[in-house]
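# Secondary and tertiary structure notes
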Amino acid sequence: MKIKEDLEKSSISEILEKWQRKMLIITCINMVLLALIVILLAALALGANSKMTSLNNDMKTLKDLTGSMNNLMAALTLDTHEMNTKMDSVDSHMEIVANLTDELSGKMDLMHASIDQTTRTVRK
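When you go through the protein residue by residue, the secondary structure sums to 2 helices and 0 strands. Taken over C-alpha atoms, the radius of gyration comes to 52 Å for the protein, far larger than the 14 Å a tight globule of 124 residues would show. Its C-alpha atoms give the protein principal-axis dimensions of about 170 × 20 × 15 Å. Of the accessible surface of the protein, which amounts to about 11,700 Å², a share of 68% is contributed by carbon and sulfur atoms. Charge separation in the protein, taken as the distance between the mean sites of 14 positive and 16 negative side-chain charges, equals 11 Å.

This next bit is on the pattern of salt bridges. Scanning all chains against the criterion turns up 2 salt bridges. Residue Glu17 pairs with Arg21 through a salt bridge whose shortest N-O separation is 2.5 Å. Here the residue Glu17 and the residue Arg21 both occupy positions in helix α2 (residues 12–123), the gap between them amounting to 4 residues, near one helical turn. Glu17 gets classed as partly exposed once you look at its relative accessible area, which sits at 39%. Across the pair Lys86 and Glu82 runs a salt bridge, and its minimum N-O distance is 3.5 Å. Taken together, the residues span about one helical turn, with Lys86 and Glu82 both in helix α2 at a distance of 4 residues.

Bringing a nonpolar patch on the surface into the picture now. A cluster of nonpolar side chains, Ile25, Ile29, Val32, Leu33, Leu36 and Ile39, forms an exposed patch at the surface whose accessible area comes to about 570 Å². Inspection of the secondary structure puts Ile29 in helix α2.

As for its placement among the helices and strands, Ile26 is situated in helix α2. The partly exposed category is assigned to Ile26, whose relative accessible area is 43%. Measuring from C-alpha to C-alpha, the distance between Ile26 and Ala75 comes to 73 Å, with 49 residues separating the pair along the chain.

Parameters at a glance
Residues take numbers from 1 onward in each chain, read along the sequence in its written order. Local features in a predicted model are, by the rule used here, given only for residues with pLDDT of at least 70; side-chain atom pairs are given and counted only at 80 or more, and totals for whole chains, interfaces and linings are based on all residues. Neither water nor hydrogens contribute to the side-chain values; these are computed over all heavy atoms in the structure. In DSSP terms, a helix is any run of H or I states spanning at least four residues, a strand is any run of E spanning at least two, and both are numbered starting from the N terminus. In this setup the radius of gyration rests on C-alpha atoms only. A globule is expected at 2.2 Å times the number of residues raised to 0.38. All accessible areas in this document rest on Shrake-Rupley with a 1.4 Å probe, and a residue is counted as covered only by the protein chains that are shown. His is not counted here, nor are the chain ends, while Lys and Arg score as positive and Asp and Glu score as negative. Charge positions come from single atoms, namely NZ of Lys, CZ of Arg, CG of Asp or CD of Glu. Whenever Lys or Arg places a side-chain nitrogen within 4 Å of a carboxyl oxygen from Asp or Glu, that contact is recorded as a salt bridge. Exposure classes here rest on a 1.4 Å probe applied to the protein chains alone. A residue is buried below 20% of its type maximum, exposed above 50%, and partly exposed in between. A patch consists of residues exposed above 30% relative accessible area that lack any salt bridge, with like charges linked at up to 9 Å and nonpolar side chains (Val, Leu, Ile, Met, Phe, Trp, Tyr) linked at up to 5 Å.

Have a look at this one:
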């Protein structure tokens, strides 16, 4: 009914003009909404890019730490090998000292026996 009354009161050009204004307003609103959606998507993409950059930096840090840890493990292995070599050297020196002590003990026994023999000879 309202359209019929509008047609009677206004001309077709006025009706078309009103319709064009409504369509223009609707189109503007749609464009603003579309622009907002694009801005939000860009913000999400920027945030994701920032997170990826942060993750990449964390991965580089982890790689550096792993490399440092590997270097420290290699140094520890080398130090352990050097310590084992020194312990072997100490063991061999201790063995030599034990042999020399046994020899000295044997010679001391011979010397005591000789002194005892000499003392007996002198007393007779």
